[in-house]
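Spelled out, the chains give:
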There are 2 protein chains.
Amino acid sequence: MQFHHHGYLSTEPREKPAAGIGLDRPDELPDTMDVMIVGSGPAGMTTAATLSSYPDVHTRLIERRDGRLELGQADGIQARSVETFDYFGFAERIISEAYWLTEMNFWNPDEENPENIIRTSRTLDDPTGVSEFPHLIVNQARVLDYFAEFAELSPSRMKPDFGYKFVSQTIDEDHEYPIEVTLEITTGPKQGETRKVRTKYLVGSDGAHSPVRQSIGRHPIGDKSDHAWGVMDVLVETDFPDIRTKCAIQSHDGGSILLIPREGGYLVRFYVDLGAVDPNDGGAVRKTPLEEIIRHANEILHPYTIDVKNVAWWSIYEVGHRVTDKFDDVDDGKENEKNPRIFVTGDACHTHSAKAGQGMNVSIQDGFNLGWKIGQVLSGYSDPSLLHTYSGERQEVAQNLIDFDKEWSSLMAAKPEELPSKDYVAEFYLKTFEFPAGFMTEYKPSELTTDTVHQDLAKGYEIGKRFKSAKVSRVSDTNPLHLGHLHEADGRWRIYVFGDQHAPADSKNKANVFGEWLGNDANSPVVKYTRKNTDVNSLFDVKVIYQQPKEDVELMQTPRIYRPIVGRYRVSDVNNVFAVLTDDNIFEAREISGDGAIVVVRPDGYISTVQPLDATDAIAEFFDGIFTAQN
Amino acid sequence: MQFHHHGYLSTEPREKPAAGIGLDRPDELPDTMDVMIVGSGPAGMTTAATLSSYPDVHTRLIERRDGRLELGQADGIQARSVETFDYFGFAERIISEAYWLTEMNFWNPDEENPENIIRTSRTLDDPTGVSEFPHLIVNQARVLDYFAEFAELSPSRMKPDFGYKFVSQTIDEDHEYPIEVTLEITTGPKQGETRKVRTKYLVGSDGAHSPVRQSIGRHPIGDKSDHAWGVMDVLVETDFPDIRTKCAIQSHDGGSILLIPREGGYLVRFYVDLGAVDPNDGGAVRKTPLEEIIRHANEILHPYTIDVKNVAWWSIYEVGHRVTDKFDDVDDGKENEKNPRIFVTGDACHTHSAKAGQGMNVSIQDGFNLGWKIGQVLSGYSDPSLLHTYSGERQEVAQNLIDFDKEWSSLMAAKPEELPSKDYVAEFYLKTFEFPAGFMTEYKPSELTTDTVHQDLAKGYEIGKRFKSAKVSRVSDTNPLHLGHLHEADGRWRIYVFGDQHAPADSKNKANVFGEWLGNDANSPVVKYTRKNTDVNSLFDVKVIYQQPKEDVELMQTPRIYRPIVGRYRVSDVNNVFAVLTDDNIFEAREISGDGAIVVVRPDGYISTVQPLDATDAIAEFFDGIFTAQN
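Residues numbered from 1 in each chain as written. Chains lettered and ligands numbered in written order. Predicted model: local features only at pLDDT ≥ 70, side-chain atom pairs only at ≥ 80, totals over all residues. Heavy atoms only, no water.

(A) Representation of the overall build of chain A. Along the backbone of chain A there are 13 helices and 29 strands. The C-alpha atoms of chain A give a radius of gyration of 26 Å, which matches the 25 Å a tight globule of 631 residues would have. Each principal axis of the C-alpha atoms in chain A carries an extent, and together these give about 75 × 60 × 50 Å. Within chain A, residue pairs in contact and separated by at least 24 positions form 73% of the contacts whose partners lie at least 6 positions apart. Only carbon and sulfur atoms are counted for the fraction: they give 47% of the accessible area of chain A, which is about 23,000 Å². Between the centroid of the 65 positive side chains of chain A and the centroid of its 100 negative side chains there is a distance of 4 Å. (Helix = DSSP H or I, 4+ residues; strand = E, 2+ residues; numbered from the N terminus. Rg over C-alpha atoms; globule rule 2.2 N^0.38 Å. Contact = heavy atoms within 4.5 Å. Areas by Shrake-Rupley, 256 points an atom, 1.4 Å probe, with all protein chains shown as cover. Lys, Arg positive; Asp, Glu negative; His and termini not counted. Charge placed at Lys NZ, Arg CZ, Asp CG, Glu CD.)

Structure, rendered in structure tokens:
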């Protein structure tokens, strides 16, 4: 966290100086805005929080409830989401209050006494250390609270507009604010009245039945019928020893429970499988009483019992595996004719079982992906055609999720005798864990992601995948720290310059040569696209990592681009120069070539390209494909 | 963090359910109260935060300013303080915003060109890993903010009373509220008026000139004259490469600077030595202008320069090494005749240079030490004679601090030729670092600290010193975690029961035998002193640690005292049973005997005793010496 460069601030450093719309943001929903987001769930809230870092963009988030979410719904937080929370500055706080998932246990019928369940395996949740962050379980209300706090402390001072429901929209491209949105007021004295407002972009984060999605004629495609679970968040007295460990429990007659311990040390969530829903069911399954779910849970847990002392929340959860045909309002094949105006994200795009704990996580990445793209377009840095990449990138991720979850949930619903072996489910879990942890996303080549010609220069930074952090030594203050944890959700691009074998103080070190180019050449993206009236690091966060130990680096002799002069008082930011830790070498950990490399990372943490240190033309060309002329 | 056992809470889990005075706490300062604390600095705020966990005690903290502290003053946070912040639940947050001190560098005159300084050594700040927490630098205003937040979210819902100044006090032991305090109102329409209120106890945390201390006739004893420094918090442009590393800088003509980088990546504090103050100085040194301090700093830094761009705060800091003769109102030797009513803490007890970064830290421990003792007495658990131990324990710590700081600051002020070798200061720093890190405090035997007859059973838990955390495996959720991080500042005593070599499921395991005694025997402190209408873990937090791996532990067969039934819904807290981590064994790390041991830890984290697992009589006797009869 860096601050005080505009002068000393005594209070909460997480509160950024107000700017742009944040200087005079209307409390009430205005008649016109740049972006309207519908729905304050994980997808909508992440888009809002991401856009809050673009104070030149006036974003509003509407929610039909009259206040924050209180309980229920999603609770699984994969490590990729915790990495994302770290970008937003609240990882350490939510980690401290959440349940940490270390192991998952599998229970199956005892072969000798099939009416009894026994623990058949224990599996480590992250056996390979794919992330330095834990896998968490916490109510989504808390996740939303932290995103809301980030947005409110952002330069935009953004807050949700509660009490509005999306009704319909029409588009007139000749208007400055092309989309006219009709809203219904859901609370207060004007309840039931409608209101019309105008916006440049509209984002539907409005759930599985998404009215925004319906308004653009997109459809969820997939399962014909739903599957049902009884879900309950409860306090219980029990003799079941794994009540605080995540478990998949399968009984001899095919009943199954997914048991998810929750934050705080007492609460636990049960997903009790109620089977496939007959299309002619007519809503009967939704009438399953709580007592029936508890009774069924006790049957499955035999010989153990639960005595339910308090029910915090319960529901019948009924859903099929479906992916929306496209995530924006431009039909397939028409991308060259027009640019998108309306998007759908989160559950509006993908629905599936809760078994793999994926929904909230994929929704957060939808929101993050879309947020920075809209921010960059509306701030005037990129052409609106960039927005095609949202559906282009995220629809494939959603399809992969649905495929994975289908396999996973059918495995969990299978009777023991239907499986190849009794450890089959545990083995599948182990083999595929990188997917549910959120790290399989790999964007295909596009204007945002190059080919992999130079991938060998940094094998540990896979182009199209997320930038995996590793430890470095910061020269200025000698701190060992995680390079990736310096990435903030501030809309900036990251350019990591890994030096070659020349001494750091040698002007021939290619990181120094590249740094001089990046800071001074007319073709450098930093020179070309950073606006004259802003700090030199306002668009690109440039960091150099030398392959030598810190004692070999002469901080004050490094190229100026690595020590940008910033802020009201024009002082140097000397915190961007790094060296290797001798006992934990990032060049080894991420297989970076001795000849060095340049790694470019998007605002949402995905790697756009890996290039050699002398590839100034390739770097210039890459950014020319994304940014529009400035200055 | 544990919560939800009274039912599901959707909001901030750090907010505890209100109780006692917190249910109906008067907003305005009332006419009578149990405890009045004077001054909202680190000592006073820590006492207040500690007492806020005792909702049966009505504590008020008065402050003559009209609001929170904004800037200036202390900034060094030793690792022991960060451990303490962890008890109060804000370590991870303050760590994320503070400066982390990893190395300290020493600069001295270049022997070949004495007018130039050169870096002569780099020293690791914590070479031995004395704590898992870092050494931090952050403005004390932030520390106070976090303590204030803790107090406000506590069961007592405590807030400071701003705008009152202590004037005088008188004591009448026959009155229910024996101390009458005269206050002056310092802000608002009644400014300048006086007001009289009554309290049972009075705590003077009112600084070096402490009017409370003066009112009980105590005196600071020590240096006849003061030493002066020019202190400035500044933003600078500089070519000095260690501007973001803590440095002791000594120039050839005897000038010296202590350079402390500050939170946020830009701000830096300079302590420029202005020498001993002539007793006949008449305040002249205090008139040293800022320009003179900057000029002097530039002289010392030659050949480097600083260009000061912004001054956040500056001051002339003038102080001598002094310790107050006693920290309460009972004269030496009169302890059997009366119990203390009035205490002094923090700067009111000890003054010294800022060079070792100690002041705020020792003050925090003063406040923590006193807070739980008053809380325990006023809650009716201990006799008021317990309060003698505050001065008894903390005065020696203060004396040690003064002795250390005297040596350290005279070394730092010495000219190079006056020292035995050029690395002498760096070597002294390394040799003694455990002191400034806050870990040398070792309380002498008293009713709170036993002899060391059984110390060999757990050599790593030194009786009288702080409980040093180590990692364990929690059986319930398989989480590897730091045992010490589960210690909350909730006023509870900790009883750690380390098992012997019998299998955990074997009823002969002495940890199980002891657990049965602790949970059921009439002589057990838990049975004797826990009030009937409260949870069984409300006074004693009992944890068992088996020396076997978690797979060997049958959670639901452990003695009930390790799985207390708690809260409104009477559910088991199954989170108190631990096993060793096979790759990081606490029995090895803390040298715990294979025969096991009992380790008793006070509410402020210091070890009271180490006993064998069969020493039920010794455990009973120890607590009988502290607690009074209940039920």
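(B) Up close: the pattern of salt bridges. The final tally for this structure, using the stated rule, is 100 salt bridges over all chains. One salt bridge in this structure joins A:Glu63 and A:Arg65, with 3.5 Å as the shortest N-O distance. Note that A:Arg142 and B:Glu12 form a salt bridge whose closest N and O atoms lie 3.7 Å from each other. Placement of the pair is A:Arg142 in helix 4 (residues 140-153) and B:Glu12 in the segment before strand 1 (32-38), with the two residues belonging to separate chains. Linked by salt bridges that have partners in common, A:Glu12, A:Arg14, A:Glu92, B:Arg68, B:Glu97, B:Arg142 and B:Asp145 make up one network. (Salt bridge = Lys/Arg side-chain N within 4 Å of Asp/Glu carboxyl O.)

(C) A look at the packing of helix 1 (residues 42-51) of chain A against helix 4 of chain A. All names here are of chain A. With their axes 9 Å apart at the nearest point, helix 1 and helix 4 run at an angle of 15 degrees to one another. Judged by the angle between their axes, helix 1 and helix 4 are roughly parallel. Both helix 1 and helix 4 take part in a crossing whose hand is left-handed. In contact with Pro42, Met45, Thr46 and Ala49 of helix 1, helix 4 contributes Gln140, Leu144, Phe147, Ala148, Phe150 and Ala151. Partitioning the contact of helix 1 with helix 4 into residue classes produces 8 nonpolar, 2 polar and no charged. (Axes fitted to C-alpha atoms, helices over the stretch in contact; angles between N-to-C directions. Parallel < 35°, antiparallel > 145°, perpendicular 65-115°, else oblique. Left-handed = near helix turned anticlockwise from the far one by under 90°. Nonpolar A, V, L, I, M, F, W, Y, C, P; charged D, E, K, R; others polar.)

(D) Looking closely at the relation of the copies chain A and chain B. For these two chains of identical sequence, chain A goes onto chain B by a turn of 180 degrees and a shift of 0.0 Å along the axis, with RMSD 0.0 Å. The transformation just described matches what one would write down for a two-fold rotation axis. Mapped onto chain B, 100% of the interface residues of chain A again fall at the interface, so both copies present the same surface. (Least-squares fit on C-alpha atoms with pLDDT ≥ 70 in both.)

(E) Quick peek at the sheet that holds strand 20 (residues 350-351) of chain B. Residues and elements named next belong to chain B. If you walk across this open sheet you meet the 3 strands as 12-18-20, and the pairing is antiparallel. Where the open sheet ends on each side, the last strands, each with one partner, are strand 12 (220-222) and strand 20. Pairing geometry for strand 12 and strand 18 (residues 322-324), over 3 bridges, is antiparallel. Paired with Gly222 across the strands is Arg322, a residue of strand 18. Packed on one face of the sheet, helix 8 (residues 388-413) meets strand 18 and strand 20 and runs near 175 degrees to strand 18. (Pairing = 2+ DSSP bridges.)

(F) Main features of the sheet that holds strand 13 (residues 227-238) of chain B. All names here are of chain B. The strand order across the open sheet formed by 7 strands is 6-5-14-15-16-13-17, and the pairing between neighbours is mixed. Across the chains shown, the open sheet's two edge strands, defined by having one partner strand only, are strand 6 (117-124) and strand 17 (306-319). Here the strands of the sheet are splayed against their neighbours by 20 degrees on average, with no regard to which way each runs. As paired elements, strand 5 (residues 103-109) and strand 14 (residues 246-250) share 4 bridges and run parallel to each other. Residue Phe106 lies in a different strand from strand 14, and its bridge partner there is Ala248.

(G) Expanded view of the pairing of strand 11 (residues 194-204) of chain B. Residue and element names in this part refer to chain B. Counted residue by residue, strand 11 has 9 buried out of 11 residues, so it is predominantly covered. Bridge count for strand 1 against strand 11 is 6 bridges, and the pairing is parallel. Of the residues in strand 11, the one forming a bridge with Ile37 is Val203. Examined bridge by bridge, strand 10 (residues 179-185) and strand 11 share 6 bridges and lie antiparallel to one another. When the sheet's bridge partners are listed, Val181 is paired in strand 11 with Val197. (Buried < 20%, exposed > 50% of the residue type's maximum accessible area, 1.4 Å probe, protein only.)

(H) Here's a closer look at the interface of chain A and chain B. Each partner contributes residues to the interface: chain A has 68 residues there, and chain B has 68 residues. Note on chain A versus chain B: buried area summed over both sides is about 5,500 Å², and carbon and sulfur give 54% of it. Considering only the side of chain A, the residues that lose the most area to chain B are A:Tyr8, A:Tyr266 and A:Met556, jointly responsible for 13% of the buried surface there. Our enumeration of links across chain A and chain B arrives at 8 salt bridges. Residue A:Glu103 pairs with B:Lys550 through a salt bridge whose shortest N-O separation is 2.8 Å. Joining chain A to chain B, the criterion identifies 38 residue pairs in polar contact (both at pLDDT 80 or more). (Buried area = accessible area lost by both parts, 1.4 Å probe. Polar contact = N/O pair within 3.5 Å; in protein donor to acceptor, adjacent residues only side chain to side chain.)

(I) Representation of helix 1 (residues 42-51) of chain B. Residues and elements named next belong to chain B. Counting buried positions over the 10 residues of helix 1 gives 10, a clear majority of the element. Listed in full, the buried residues belonging to helix 1 are Pro42, Ala43, Gly44, Met45, Thr46, Thr47, Ala48, Ala49, Thr50 and Leu51. Elements in contact with the buried residues of helix 1: strand 1, strand 2 (59-63), helix 4 (140-153) and helix 7 (359-378).

(J) A look at the packing of aromatic side chains. Under the defined criterion, the tally for this structure stands at 68 aromatic pairs over all chains. Ring centres of B:Phe540 and B:Phe623 lie 5.1 Å apart, and the angle between their planes is 85 degrees; on these two criteria the pair is classed as edge-to-face. Of the two residues, B:Phe540 sits in strand 24 (residues 540-549) while B:Phe623 sits in helix 13 (residues 616-624), which places them 83 residues apart along the sequence. Given the relative accessible area of 1%, B:Phe540 is considered buried. For B:Phe623, a relative accessible area of 0% corresponds to the buried category. Aromatic rings pair up to connect A:Phe85, A:Tyr87, A:Phe88, A:Phe90, A:Tyr146, A:Phe147, A:Phe150 and A:Phe368 into one cluster. Lying over the aromatic face of A:Tyr381, A:Arg531 brings its terminal NZ or CZ to 4.0 Å of the ring centre. (Phe/Tyr/Trp six-rings, centres within 6.5 Å; stacked < 30°, edge-to-face > 60°. Lys NZ or Arg CZ within 6 Å of the ring centre and 35° of its normal.)

(K) Layout of the confidence of the model for chain A. Overall, the predicted model of chain A reaches an average pLDDT of 94, with 100% of residues at or above 70. At the level of chain-chain contacts, confidence expressed as ipTM amounts to 0.94, with global pTM at 0.95. (pLDDT = per-residue confidence, 0-100.)

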